[in-house]
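# Commentary on secondary and tertiary structure
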Amino acid sequence: MNYQWYPGHMTKAKRMMQEDMKLIDLVIELVDARVPLSSRNPDIDTLGQGKARMILLNKSDLSDEAANQLWKKWFQEKGFSVLMVNSRSGDGVRQMDRLVAEACKEKIERDRRRGIKNRPVRAMVVGIPNVGKSTFINTYAKKAATKTGNRPGVTKGKQWIRLNKNMELLDTPGILWPKFEDQSVGMKLAMIGSINDEILNIEELSLDLIRFLTAEYAGALQERYQCNETLEPVEILKEIAVNRGCLLKGQELNYAKAAAILLDDFRAGRLGRITLEKPVIETEEAPETEETAE
């Protein structure tokens, strides 16, 4: 399956973000904690050069706890302020003010030296579609400041939201780059729901998920669906269809329905806390000695 995404408003949103970047002090980037690297738009690093940077590992309640800690360390080593949050429940959001002050301490100190008092930090909230930006803003602002939805691309225009005298947020539409150089990135984004299911082959996607789960999270499928994980992925999907009563007319198995159940269960965390990618830890090469050089 070839994963692509070409909504017309993406180019316009990127251009708008480029224009607005000069107005802000801090870029708050939401990523999905289940796919922290794949759910980052590489354009944002270029657009946000010279700005204070913050990464929010959102939906961290759905991701592997050990992997969360690895990703937090990985991003911190890249120079980001990092916070694990659950936008829906509000977990972690209360720590935002402290982390914003820490991330923007140079800006705040610069203002103080210039005699500028109480100028609010202006932050841009960015992230790919369906990563939870609007829900985060509403939770942080403690009011329904933006329109939210669980469909990619609900936020279409920009909005300034004044939180308090110290903080203003600029919401932006979710931006997904138009071409995935690495198709595995598109596959992971499809798995978490950042690409509309209507343009996907969900049966094929479910088989990819089964392959991953049986290799990395043995027992998760067996516990949920009472299936035999030693079988081939298509046979496992067949067992899920049988055990969940996914039938068409004439008692024919409905594989599409079984695939939809599997994906929905994964996205809702009903298969357990699962992370689809782990950071590659860069190790420093040992210095060459006379013995190794010979």
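Now for a description of the structure that goes with this document. Only a predicted model underlies this, so the values are computations on that prediction, with no experimental measurement involved. (Residues numbered from 1 in each chain as written. Predicted model: local features only at pLDDT ≥ 70, side-chain atom pairs only at ≥ 80, totals over all residues. Heavy atoms only, no water.)

## Looking at the side chain of Asn68
Counting through the fold element by element, Asn68 comes out in helix H3 (residues 65-77). Among the residues examined, Asn68 registers a relative accessible area of 2% and is labelled buried. A distance of 3.1 Å separates a polar side-chain atom of Asn68 from the backbone oxygen of Ser60. The residues touching Asn68, leaving out its near neighbours within four places in the chain, are Ala33, Leu57, Ser60, Ser63, Met84 and Arg273. (Helix = DSSP H or I, 4+ residues; strand = E, 2+ residues; numbered from the N terminus. Buried < 20%, exposed > 50% of the residue type's maximum accessible area, 1.4 Å probe, protein only. Polar contact = N/O pair within 3.5 Å; in protein donor to acceptor, adjacent residues only side chain to side chain. Contact = heavy atoms within 4.5 Å.)

## Details of H3
A rise of 1.5 Å per residue sets the reference length of H3, with its 13 residues, at 18 Å; its end C-alpha atoms lie 19 Å apart and thus fit the reference within 8%. When H3 is considered as a whole, its buried residues turn out to be Ala67, Asn68, Trp71, Trp74 and Phe75. The buried side chains of H3 occupy one side of the element, clustering within an arc of 130° when seen end-on. Structural note: H3 exposes Glu65, Ala66 and Glu77 on the side pointing more than 90 degrees away from its buried face. Turning to H3, the residues buried within the fold contact strand S2 (52-58) and strand S3 (81-84). (Expected span 1.5 Å × (residues − 1). Arc of directions from axis to C-beta.)

## A closer look at the pattern of salt bridges
Inspection of the entire model under this criterion finds 21 salt bridges. Ionic pairing is found between Asp45 and Arg53, a salt bridge with its closest N-O pair at 3.2 Å. The class of Arg53 is buried, set by a relative accessible area of 12%. With a closest N to O distance of 3.3 Å, Arg119 and Asp111 form a salt bridge. With a relative accessible area of 37%, Arg119 lands in the partly exposed category. Within this structure, Asp25, Lys107, Asp111 and Arg119 form a network of salt bridges that share partners. (Salt bridge = Lys/Arg side-chain N within 4 Å of Asp/Glu carboxyl O.)

## Let's talk about the nonpolar core
Ranked by size, the top nonpolar core spans 60 residues in total, and within it Leu26, Ile28 and Met96 carry the most contacts. Looking at this core, the element that brings in the most residues is helix H8 (residues 202-216), giving 7 residues. Excluding its chain neighbours within four sequence positions, the residues that come into contact with Leu26 are Ala52, Arg53, Met54, Val100, Ala103, Cys104, Val121, Arg122, Ala123 and Met124. Val31, Ile55, Leu57 and Val82 belong to the second largest nonpolar core, which has 10 residues in total. (Core = buried A, V, L, I, M, F, W, Y, C linked by side-chain atoms within 4.5 Å.)

## Quick word on the packing of H8 against helix H10 (residues 233-243)
Axis separation between H8 and H10 bottoms out at 9 Å; the angle between their running directions is 105°. By the angle between their axes, H8 is roughly perpendicular relative to H10. Within the contact between the two elements, H8 uses Ser206, Leu207, Ile210, Arg211 and Thr214 and H10 uses Pro233, Val234, Ile236 and Leu237. Tallied by class, the residues present in the contact of H8 with H10 amount to 6 nonpolar, 2 polar and 1 charged. (Axes fitted to C-alpha atoms, helices over the stretch in contact; angles between N-to-C directions. Parallel < 35°, antiparallel > 145°, perpendicular 65-115°, else oblique. Nonpolar A, V, L, I, M, F, W, Y, C, P; charged D, E, K, R; others polar.)

## Structural notes on the pairing of strand S1 (residues 26-32)
With 7 of its 7 residues buried, S1 lies for the most part within the structure. Alternating residues of S1 divide into Leu26, Ile28, Leu30 and Asp32 and Val27, Glu29 and Val31, and every residue in both groups is buried. Of the strand pairs in this sheet, S1 and strand S4 (residues 121-126) are connected by 4 bridges, and their pairing is parallel. When the sheet's bridge partners are listed, Ile28 is paired in S4 with Val125. (Pairing = 2+ DSSP bridges.)

## Here we look at the packing of aromatic side chains
Summed over all chains, the structure comprises 6 aromatic pairs. Ring pairing ties together the aromatic residues Trp71, Trp74, Phe75 and Phe80, which thus form one cluster. (Phe/Tyr/Trp six-rings, centres within 6.5 Å; stacked < 30°, edge-to-face > 60°.)

## Some remarks on the packing of H10 against helix H11 (residues 255-267)
Angle between the axes and distance between the axes: these two values describe a pair of packed helices. Orientation of H10 relative to H11, taken along the N-to-C sense of each, is 90°, at an axis distance of 9 Å. The angle between H10 and H11 places the two elements in the roughly perpendicular class. Contacts between H10 and H11 involve Val234, Leu237, Lys238, Ile240 and Ala241 on the former and, on the latter, Tyr255, Ala258 and Ala259. When its residues are assigned to classes, the contact of H10 with H11 shows 7 nonpolar, no polar and 1 charged.

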